[in-house]
Amino acid sequence: MSHNRVVTLLQKLRFDNRFTGSLPSDDVGGSVPRQVNGACFSRVAPANVANPALVSHSSEVAELLGISPEAVYDQSFADVMSGNRLLEGMDSHAMCYGGHQFGNWAGQLGDGRAIALGEVLDVNGDHQMLQLKGAGPTPYSRSADGLAVLRSSVREFLCSEAMHHLGVPTTRALSLVTTGDKVVRDMLYNGNPQPEPGAIVCRVAPSFVRFGNFEIFASRGDHETLRTLADFVVESEFPHLNSPNADKYVALLREVCERTAEMVVHWLRIGFVHGVMNTDNMSILGLTIDYGPYGWLDNYDPHWTPNTTDAQQRRYRFGNQPSVAHWNLLQLANALYPLVGEVEPLEEALEHYSQHFEKSWSTMMAAKLGLPSLADPRDSELAESVLTLLQSVETDMTIFWRELANVDCSGSSELLERGSPLLRAVYNVNAMTVEQSKAFHDFADGWAIRQRDLNVPIGERTTLMNQTNPKYVLRNYMAQLAIDEAEQGDFGLIAELLELVRSPYADQPDKERFYSLRPEWARTRVGCSQLSCSS
C-alpha cells in the first residue's frame, strides 16, 4: 500500500474538537513559559523529532478509533503519533490547570509535556481526545523541555493497557513511538544527568480534564471562566446532570465522588499504588491518569509508596489512597463553591464519597474472599483477619489472593495441607515462626469452614474469585526488564508483556514465569522498588 494511501486512511479520522471549540483560548502564541490567564488552553504545535519509529500499539484502541492495521504499520502512523505530521481537523493544544502537590497549592501547572491533537469520534460515535505525552515544550513547561524518555514511556504505555484489562477505569494508550532523539534526565535527582532515548506515548480518553482545571480559576477569582468550564464539562461529559441552576454543580461533585471511590476501590483490589495523587493528577471522569512513579504491591504493605519524592512523608502510600482521594475531592468542592454559594450541599455531596467507598469496598472484599457479602459478622471478621494475616509476614499480595481459590474446602483435608497453597505467596517460608505458619493454616481452615456453611458450588466460587483476583499484574521488575531490553533496541519483551496483560485473569501456560514471587535482585534495584518523577 502506498504511503499516500495510508495517510488518506488516517485522514478518515473524524475530528470534532469540542474542548477547543467551546472554551476560551490563550491569545498568545508559541510555547514560551508564561502565566496564562482567562483561558482553558493554549494552542501549541508538537516539536519535530528526528526519526519517529513505532515500537508498539494497542490494537483494541486502534480498532476503537477506526484505524486499520495497515495504517498502523505504515511510517505515516509514526509520523502522526510523534507529532511530526498534523492531520486535517487536528487542533493541537495544551491545557491550563493548577493543583495541590503533596498537599500544598502549587499554582499554575498545566500540560507541561503533553500536547493534545484533538478529539476523534470513535466507531461508537463517542469523543476520544488524542494526547501526545513527551511531544515538546508548551507554555506550561516552566523550565523543562516537555519531552519524555523511553523508560517512562514504556511504563505508561503498558500500564494504561494493563489497567484497562484488569477492569480499572483508566486512560488508554494507542501507541508508543521512539523519536530518534536523546533526552537528558537526572533519573535519581542526584546530580548525574544522562542522555536517554526519547519516546512519545499517544494517550486516549474521553477527556483529560482534572480537578486542577477548576482549581486554577477558583484560585484566581476568575469565576466567569470557572463557570464556562464547569458548564462545558457537565454538557459534554455529564449531560444527564444538566439543569438551569447551580444544582448541576453539586450533582457534578456527587458523581465525581462516586466515580473516584470506584476507581480507588479497584486500586485496592489489585494492589496498585498511583504514587502521585496530586489534584492535577485526578481525572474528573474518575479515570486513573498520569502513570509516573506507580507500582504494584509485591509484598502486602499498606505503608509502601513507589515514589522516591514521597519516601519520607508517604502521603501517597497504598493504604492512604482512599483518604487522599477524599482530601482531593474536598479541594474540588472548594473550587466549585463560587458557583454554588452554599457549603451544605457540597458537604452532602462529599459525604457520598465515604458512603459509596465503604459500600464498594465491602462488595469488593467479599468477592475477593468468594463470599456473597460481608453482612454476616463471620464474613466481616474474615475480611479483617485476612488483612492482618497478609502483614504478619512478607507475603505476595497477588499470589496470595489467587491461591486462596485453590484452598481445599472439604472437611477431609488435613489442617497443615489446607493452608499450603497460601504459603506459595510467602517470600521466605523457611524463616516463618511456628505461630506465623499456624496463622496461615488457621485462616485457611476458618475460610474453608465458612465456605462449607455457604455451600456454594466450587466452580461458581472459583469463577467469582478468579474474575476478581488477577493472576498477572504488571510488576515493576517486569516493566524494568522490558525497558532494559528496549534501551538496547530489543522490543520483544514489550510485545510479550502487552500480550500478557491483555488477559490478566486467565491461566496462560506459556507465561507462567510471570506468576512468581518478585526476584530478590528486584528488591532494591532502581525502577523495581521505587521510582522518581523523572521522565
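Structure: see above.
Residues numbered from 1 in each chain as written. Predicted model: local features only at pLDDT ≥ 70, side-chain atom pairs only at ≥ 80, totals over all residues. Heavy atoms only, no water.

Asks: Explain the packing of helix 7 (residues 211–219) against helix 10 (residues 321–340) to me, please; I cannot follow it from the model alone.
Replies: A pair of packed helices can be characterised by two numbers: the angle between their axes and the separation between those axes. Interaxial distance between helix 7 and helix 10 falls to 8 Å at its minimum, and their mutual angle equals 45°. Relative to helix 10, the element helix 7 is oriented oblique. In terms of crossing hand, the pair formed by helix 7 and helix 10 is left-handed. Only N328, L329, Q331, L332, A335 and L336 of helix 10 make contact with helix 7, whose side of the interface consists of F211, F214, E215 and A218. (Axes fitted to C-alpha atoms, helices over the stretch in contact; angles between N-to-C directions. Helix = DSSP H or I, 4+ residues; strand = E, 2+ residues; numbered from the N terminus. Parallel < 35°, antiparallel > 145°, perpendicular 65-115°, else oblique. Left-handed = near helix turned anticlockwise from the far one by under 90°. Contact = heavy atoms within 4.5 Å.)

Asks: When you look at the side chain of H165 in this model, what are you seeing that I'm missing?
Replies: Among the structural elements, H165 can be located in helix 6 (residues 150–165). With sequence-adjacent residues up to four places away left out, H165 is seen in contact with E60, R172, V501, R502, P504 and Y505.

Asks: Looking at this structure, I do not really get the pairing of strand 7 (residues 114–121). What am I missing?
Replies: Regular strands show a simple pattern: their side chains alternate between the two faces of the sheet. Counting buried positions over the 8 residues of strand 7 gives 8, a clear majority of the element. Looking at chain direction, strand 1 (residues 14–15) and strand 7 are connected through 2 bridges and run antiparallel. Counterpart to F15 in the pairing with strand 7 is V120. Counted along the chain from strand 7 to the antiparallel partner strand 8 (residues 127–133), the turn is 5 residues long, and its residue G125 has a positive phi close to 85°. (Buried < 20%, exposed > 50% of the residue type's maximum accessible area, 1.4 Å probe, protein only. Pairing = 2+ DSSP bridges.)

Asks: Help me understand unusual backbone geometry, please; the structure alone is not making it clear to me.
Replies: When glycine is set aside, most residues are seen to have a negative phi, and most peptide bonds are trans. Backbone geometry at D290 places phi at a positive 65°, although glycine is not the residue there. Mapping D290 onto the fold places it in the loop between strand 11 (272–273) and strand 12 (295–296). For D290, a relative accessible area of 13% puts it in the buried group. Phi angles above zero are rare outside glycine, and N455 is one such case at about 60°.

Asks: Looking at this structure, how should I read the environment of Q391?
Replies: The topology assignment puts Q391 in helix 12 (residues 377–392). Take Q391: its relative accessible area is 43%, and that puts it in the partly exposed class. On a C-alpha basis, the gap between Q391 and G271 in space is 14 Å, while along the polypeptide they are 120 residues apart. With near-sequence residues (within four places) excluded, Q391 lies in contact with Y300 and P302.

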